[in-house]
Amino acid sequence: MDSWLPVGLAVASGRYRSSIWSTLVRYPEVVLALLCLMQILCWTVVPALVDAAPPGDVVEGFMWGREWVLLTYKHPQLPAWLLEASHLLTGSFRWPQYLLSQLVVSTTFIFVYLLARDMLGRTRALAAVLLMPSIYFFGWPTPQFNHDYAQMPFWAAISWLLWRATRDTGSRWWWIVLGMVSGVGLYAKFSTGLLLLFGAIWLLSDTRARTRLATLWPWLGLAVFVAVAAPLAAQLYRIDFLPLTYVAGRDDWVMAHRARLYYIGVQLAGLTGFLAVLAISGLLRREPPRKVVAVHMAPVGPRAFTYLLCMGLGPAILVMVASLFTGAGEAWGAPMYNLVGVVAIACLGDRLGISEMRRLAICALVCVIGVSGAYATIRSTSCNVLGHMQPVCWPAQLVSDEAETVWHEASKGRLGIVGGDTGLAMLAGLNAYDEPSIFTGLDMRFAPWITPKRLQDQGMLLIWQGSQKPPRRLMPWIKALPVKTVMLGWSRQAPPVAINFVVIPPGTHDLPNDPPAPPEDQEN
């Protein structure tokens, strides 16, 4: 166990053991639990209080989650399933998504601690985790629970499980669990495969790890991985690899609208707080700390350090380099910095003393409370004072209420389908009592739960913002149907926004671009 002593004093001295802080340091798991609790409370309560609507990706996840599909044209749907489960358990769209996101972040903290504890010891592992709140991706963006955040704990867990499996001679079941977690991680996002690639490279290049391949258990783990991932691969084939088409289209958009160094700039900016905390804590100074770890802590071995560089920095650096030649979303790096704190402590751990630990703890507290407080101030000011329309500014419940009112004034049946301006249509369907489905892009490839028969049986509510004149792409759907415009207030300063509705009643024929029946139905 790690313990702390002033330089030159004997173990028997109780001068520093009597302090509350010294007691907490001797039980780093308590500090870790307090950090997770603070993260969960601040980043659940604050967004729930100030955001009138969930962030855009969260609304999309809720709407897709109610369809319970395995894969959409964008991503696998584990995050959407979790969002739908949170709604079914709580009945709310107001706060459970924020709690879910922070449970994911806190779980990542725990897995990073477990890996760092195996390599650095308990105290230094705690120091590595205390650095994590200073990284941008563990703070401001976390209210938007999406695929980038859903895969965070999987990246941390895979890194820990692979190390355990290749470290211990009796590590039979670690391989099975590793295969299971790796397979499920792909359901969070396909880019989990990037970490698996680096894990495979390390496994084949490390002599000690490679010897494990002579046993049965790694291959059983691989079989479990294949079995778990197989349904996802089969569905990817069935939808004609649409996610790859989506990535290619996003790549073209990013290359056309972002500077060449944009992605790298965002990633480096996200690490400025991390570097600042390293400096404030004193870990960047050269002189030794006045209070040091008393246990005989061996330096991190070259094997462990190589592993940290490979798994902790390899994917992030590769994507940064790739971004110079292809489009990369700025949030893609979110799970790629889990181990940055561990790498830093592995390099600078000999400078870690009790005063440095105290500063790290204070900085972590300031980052969690300060950044969440800044989030509340900026979001509220932007919506209500400056009048800058953002996705979280929309009056979500009011939009859904108006949508259902317009529909039921014109139709006796339930509101089953919403479409038009996809983002606004999703928001209209989110809190609707009828729980309608979203007709994404008015394209059945993107919304396979919508069929020609369902459109004829249920009709659809079309929604768009702004001018009463419909966008050109909606004209073939609307034809001569009446348009109803509703003015919705959303800000204390900005004027109301115009929302337009068109009811396409059930039984409407000759809808545009009715696709042929799918091949299976034709054969039957």
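Residues numbered from 1 in each chain as written. Predicted model: local features only at pLDDT ≥ 70, side-chain atom pairs only at ≥ 80, totals over all residues. Heavy atoms only, no water.

Chemist: Residue-level account of the environment of Met444, with values.
Modeler: Summarising the element assignment, Met444 is placed in the loop between strand S4 (437–438) and helix H21 (452–458). Classification of Met444 as buried rests on a relative accessible area of 16%. For Met444 and Asp168, which are 276 residues apart along the polypeptide, the C-alpha to C-alpha distance reads 50 Å. (Helix = DSSP H or I, 4+ residues; strand = E, 2+ residues; numbered from the N terminus. Buried < 20%, exposed > 50% of the residue type's maximum accessible area, 1.4 Å probe, protein only.)

Chemist: Which residues make up the pairing of strand S7 (residues 497–504), and what values go with them?
Modeler: Burial analysis of S7 places eight of its eight residues in the buried class, which makes it a mostly covered element. Going residue by residue along S7, you find Val497, Ile499, Phe501 and Val503 tucked away on one face and Ala498, Asn500, Val502 and Ile504 tucked away on the opposite face as well. As judged from the five bridges shared by strand S6 (residues 484–488) and S7, these two strands associate in the antiparallel manner. Across the sheet, residue Lys484 finds its bridge partner in S7, namely Phe501. (Pairing = 2+ DSSP bridges.)

Chemist: Can you explain helix H6 (residues 122–130)? Please cite residues and give values.
Modeler: Counting buried residues along H6, nine of its nine residues qualify, which places the element largely inside the surrounding structure. All of the buried residues along H6 are Arg122, Thr123, Arg124, Ala125, Leu126, Ala127, Ala128, Val129 and Leu130.

Chemist: I'd like to hear about the environment of Val224, residue by residue, with values.
Modeler: Residue position: Val224 is located in helix H12 (residues 217–238). Spatially, the C-alpha atoms of Val224 and Gly420 are 42 Å apart, while their sequence positions differ by 196 residues. Contacts of Val224, omitting those with residues within four sequence positions, involve Ile176, Gly179 and Met180. (Contact = heavy atoms within 4.5 Å.)

Chemist: Outline the packing of aromatic side chains, listing residues and values.
Modeler: Applying the stated criterion across every chain, the model contains 18 aromatic pairs. Between Tyr136 and Phe137, the ring centres sit 5.3 Å apart and the planes meet at 70 degrees, which makes this aromatic pair edge-to-face. The exposure class assigned to Phe137 is buried, which follows from its relative accessible area of 3%. A connected cluster of aromatic rings, assembled from ring pairs, spans Trp64, Tyr73, Tyr246 and Phe446. (Phe/Tyr/Trp six-rings, centres within 6.5 Å; stacked < 30°, edge-to-face > 60°.)

Chemist: Which residues make up a nonpolar patch on the surface, and what are the values?
Modeler: Among the surface-exposed residues, Tyr27, Val30, Leu34, Leu37 and Leu41 lie close enough to one another that they form a single nonpolar patch of about 470 Å² accessible area. Structurally, Leu37 can be placed in helix H2 (residues 28–50). (Patch = residues over 30% accessible without salt bridge, like charges linked within 9 Å, V, L, I, M, F, W, Y side chains within 5 Å. Areas by Shrake-Rupley, 256 points an atom, 1.4 Å probe, with all protein chains shown as cover. Salt bridge = Lys/Arg side-chain N within 4 Å of Asp/Glu carboxyl O.)

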